[in-house]
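In case you want the letters, here they are:
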Amino acid sequence: MAPARKKSRLEQARQYLTSGTIQREDSDDELGQDDLPWEWIYEEETSHDATQKKAERTLTLRKRKAAALTTDRRIIGAKMGSFECKIGDAVLLKAEGNKAWVGIICELYDGEEEEDDDKMAKFMWFSGEKEIRNKSKKRDDCLENELYITTAFDLNPLTTIIGKANVVSLETFNAKYPSGQIKKSSKDYGKMFVCRRGCNTRTTTYTEEFKWEDIYKGVEDVEALQVFVDSHTKSTRKKQARPKTDNADLDDFVVNDEDGIPRTPKKRRRLNEVATPTSKRKDQTHGKFLTPTHKRIVIKKPLEFTPLGTRIISPSALSSPFQIARNQLHVSSVPAALPCREEEFSTVYSHLEAAITEGSGSCIYISGTPGTGKTATVREVVAQLNASVLAEELDDFIFVEINGMKVTDPHQSYSLLWEALRGDRVSPAHALELLEREFSTPSPRRVPCVVLMDELDQLVTKNQSVMYNFFNWPGLRHSRLIVLAVANTMDLPERTLSNKISSRLGLTRITFPGYTHDQLMQIIQSRLSGVPGHVVQPDAVQFAARKVAAVSGDARRALDMCRRAVEIAEAEAIAKEQEAEDNDAVPDTPSKSKSRRGAKSALPGKDKGNTAEMHDSQTPSSRQKQSKPVGVVTIATIKQAINEATSSPLQQYLRALPLASKLFLAALLARIRRTGVGEALMGDVVEEAKRLGLMSQLQPVQRYLLAENEEVTTKSASTRQMDAKAARALGLGKAALDLAEAGIVGVESRRGERVGRVRLGVGDEEVRLALGEDEEVKGLGFGS
Ligand SMILES: Nc1ncnc2c1ncn2[C@@H]1O[C@H](COP(=O)(O)OP(=O)(O)OP(=O)(O)O)[C@@H](O)[C@H]1O
């Protein structure tokens, strides 16, 4: 029995253009049926050829290819049923949804690579106004059905063709449609386009206006058309060693060595000049200041992108060297330089630059323990690449940052990526569908997308689909997706995706080692550069660096330690100053407020006179009490900072907790950080604990969580039941109660409800400090 006639893929000739792509509506089939095979049309088809072709059809694919090669006949076109198209024709190609792109067929051939087991074509793209991403370079005279011929090509299977397009000059179009409108009932509707300019979509430069029929008549003009558009537009902005420009700010950004590879900038740059690609040109022309937080995508709650830099402090707003030091040492300030990461910086930079320039996909897996500068390095690379785009040395790119800790559900990553690409907010499931299609079907979208997947460990889902997709998409032919995956552990792909899959993915791997004490010293010193006076003594820096390097090589910890020491020194200086003031105060002079004067004048080294004055004003007794210089961070201040941080009763209590309680706290912190909400459901904390167990390489944690967990999950069907039981079985419920009793957490458990709410009863900093280097739970997220 003949199969029922499927609805043809081509039964939708009615189309209309909506800025760039063409929306198609169903209408009569005029092009043939979906299921028929494509066949080549050869240069001259003699009766001998027809017989041979019939014979070929019975051969296997490989033999068919060989036969086609030996026939020596040139392929000039292809047909499917009654539909025919030839090299040089403009055709409609299937786009996502009910849309189509337009391209000229430049070549037809049998696919030779393994994946190209189909008949293939090389297309030269037309681009609609929507494909011009650079808003400042969009033309305002673009007609509704106008397309630009571009220099972009793609190789695609013939199956992507869905019909023919008719490209004409403005004159021809106006002669036929003087009103400028094509009626919906017309057969030209959605298929006739005006082309009067070429455009290089990578540099967004246009050719002068031309008459389409003058420059393109058909197949014999394909090459000339390409040469014309190429030579009349600016081609790729391949970076060259750039001479010093008038723009000193940009020169500060990129420090090119002889090999042309930018180094991390040694000079303090103007941070407010770093912007993500969207806003850059517009804002530059308008002379507005930008902060790194200006992003390409408008972010709507509750989805969240992490901004490039989170704290930009204007030096003029700071009054005392203590404040400057504190701010520059703060982990959330954007450092002016990243010493000791030159090599990693340059590897990531070259990879990204090459992928952006070539328009290819790429995936870099960056691993390293907390505080080793992974995120800071990647952001710096992106900021510098962006500076190159600003300087017109590099092609435009989209940048989006997805932080595993900041998405409540890993699948939200799909929505974030789609929004970055297209600006539309859709559900994760819909976004996944759209992304799959986008990356596997041809499109004239030439703008590469760089995705920073930070805290990747947190994006682990039950079947690892999110991680798999983000690793896999860069390899798809049409993705132009560059993924920078950042995680704490080296073997996350293997552990979560199996060796076979992860080796197939061919990830480029970069490992960030922990900092040595010398490196930590350099980092702290570079953060302190430009701070007036000598707020921190060099041997104090060395002491702090040694202390940290001995345990973790974590720059975050070293910076925090020094910042706290500066706070202590500042407080001492203020107290000293106050004391001096009180001693000096004459009864009829109201004492000056310490907040008004701050510790500015109390800084030794800043101004010798000042210091002398301060010491002179000390009473003999205060001088005796003072065994170390006031207002400077010394080794003793560092010790005090460490001591203070680790010796409180709370710290001691936290460090002495049993494993179950530590795990409970790790899970609670992870959950709070992930959701951004200060409390979590007990069931979610248990889920989080199970996930931590899955991720952890610590034997006791794995044994504790996984063994128990398996037992529990096999026993119960409902998740809720499972959570409650799991909590009990894992001892997490008991741990929560103990912690609640000690005031470490607050548990709200309503009677009759299985799901209670939990929140931290102490500062998360306290918990991190106590457990960050705890051997039992190391790496479970306390460190960052
Ligand atoms: N080489 C460096 N020079 C200056 N500051 C640095 C350097 N490396 C790291 N830092 C600072 O240390 C802090 C932690 O760095 P970063 O967040 O990049 O680490 P990470 O490796 O991504 O850590 P995590 O895995 O915890 O996210 C940041 O404030 C960063 O600016």
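Look up a bit, the structure's there.
Residues numbered from 1 in each chain as written. Predicted model: local features only at pLDDT ≥ 70, side-chain atom pairs only at ≥ 80, totals over all residues. Heavy atoms only, no water.

### Observations regarding helix α11 (residues 412–422)
The periodicity of an α-helix, 3.6 residues per turn, causes residues three or four places apart in sequence to face the same way.
Part 1 of the argument: By the criterion of burial, α11 is predominantly enclosed, with 10 of the 11 residues buried.
Part 2 of the argument: Among all positions in α11, only Q412, S413, Y414, S415, L416, L417, W418, E419, A420 and L421 are buried.
Part 3 of the argument: Where α11 is buried, its residues touch β17 (398–403), α12 (428–440), β18 (449–454), α13 (465–472) and β19 (481–487).
Part 4 of the argument: The first or second residue beyond α11 is G423, which carries a positive phi of 80°. (Buried < 20%, exposed > 50% of the residue type's maximum accessible area, 1.4 Å probe, protein only. Helix = DSSP H or I, 4+ residues; strand = E, 2+ residues; numbered from the N terminus. Contact = heavy atoms within 4.5 Å.)

### Some words on the site of the ligand
Part 1 of the argument: Around the ligand sit 23 residues in total, of which V331, P339, T375, Y515 and R527 are the nearest.
Part 2 of the argument: A distance of 2.9 Å separates an oxygen atom of the ligand from a polar side-chain atom of N488.
Part 3 of the argument: A distance of 3.0 Å separates an oxygen atom of the ligand from a polar atom in the side chain of R556.
Part 4 of the argument: Relative to its unbound accessible area of 630 Å², the ligand is 95% covered by the protein chains.
Part 5 of the argument: Partitioning the shell around the ligand into residue classes produces 11 nonpolar, seven polar and five charged.
Part 6 of the argument: Among the domains, domain 2 (248–309 + 341–512) and domain 3 (517–583 + 593–646) are the pair contributing at least three residues each to the shell around the ligand. (Near = heavy atom within 4 Å. Polar contact = N/O pair within 3.5 Å; in protein donor to acceptor, adjacent residues only side chain to side chain. Areas by Shrake-Rupley, 256 points an atom, 1.4 Å probe, with all protein chains shown as cover. Nonpolar A, V, L, I, M, F, W, Y, C, P; charged D, E, K, R; others polar. Domains from an automatic or database assignment.)

### Here's the deal with the environment of F193
Part 1 of the argument: Note that F193 resides in strand β12 (residues 192–200).
Part 2 of the argument: Separated by 91 residues in the primary sequence, F193 and V102 place their C-alpha atoms 9.3 Å from one another.

### Observations regarding the sheet that holds strand β3 (residues 39–42)
Part 1 of the argument: Pairing in this open sheet of three strands is antiparallel, and the strands run β3-β4-β5 from one edge to the other. In this open sheet, the two strands that pair with only one neighbour each are β3 and β5 (83–86). Strand-to-strand twist across the sheet, computed as the mean angle between neighbouring axes with direction ignored, equals 30°. (Pairing = 2+ DSSP bridges. Axes fitted to C-alpha atoms, helices over the stretch in contact; angles between N-to-C directions.)

### Remarks on the side chain of E455
Part 1 of the argument: Assignment of secondary structure puts E455 in the loop between β18 and α13.
Part 2 of the argument: Classification of E455 by relative accessible area gives buried; the value is 17%.

### Side note on the environment of S648
Part 1 of the argument: Turning to its location among the elements, S648 is positioned in the loop between α22 (635–646) and α23 (649–655).
Part 2 of the argument: Exposure remark for S648: the relative accessible area of 21% places this residue in the partly exposed category.
Part 3 of the argument: In sequence terms S648 and A770 are 122 residues apart; their C-alpha atoms lie 10.0 Å from each other.

### Considering the sheet that holds strand β16 (residues 362–368)
Part 1 of the argument: With parallel pairing, five strands are arranged side by side in an open sheet as β17-β18-β19-β16-β20. The open sheet has two free edges, formed respectively by β17 and β20 (508–512), since each of these has just one partner strand. When the angles between neighbouring strand axes are averaged without regard to direction, this sheet yields 15°.
Part 2 of the argument: Relative to β18, β17 runs parallel, the two being bridged by six bridges. Across the sheet, I398 pairs through a bridge with C449, a residue of β18.
Part 3 of the argument: Against the sheet, helix α9 (residues 342–358) touches β16, β18, β19 and β20, its axis set at about 155° to β20.

### Digging into helix α10 (residues 374–390)
Part 1 of the argument: End to end, α10 covers 24 Å across 17 residues, agreeing with the expected 24 Å (1.5 Å per residue, within 8%).
Part 2 of the argument: Within α10, 15 of the 17 residues are buried, which leaves the element mostly enclosed by the surrounding structure.
Part 3 of the argument: The positive-phi residue at the C-terminal boundary of α10 is E392, with phi of around 60°. (Expected span 1.5 Å × (residues − 1).)

### Here we look at the packing of aromatic side chains
Part 1 of the argument: Under the counting rule described, the total for this entry stands at 13 aromatic pairs.
Part 2 of the argument: When the centroid spacing of 6.1 Å and the interplanar angle of 0° are considered together, the rings of Y414 and F470 count as stacked. Of the two residues, Y414 is situated in helix α11 and F470 in helix α13; the sequence distance between them amounts to 56 residues.
Part 3 of the argument: Members of the aromatic cluster, each reached through a chain of ring pairs, are F126, F210, W212, Y216 and F228.
Part 4 of the argument: Above the plane of the ring of F153 lies K122, whose end atom (NZ or CZ) is 4.6 Å from the centre.
Part 5 of the argument: For R139, the ring lying beneath its charged end belongs to Y206, and the centroid distance is 5.1 Å. (Phe/Tyr/Trp six-rings, centres within 6.5 Å; stacked < 30°, edge-to-face > 60°. Lys NZ or Arg CZ within 6 Å of the ring centre and 35° of its normal.)

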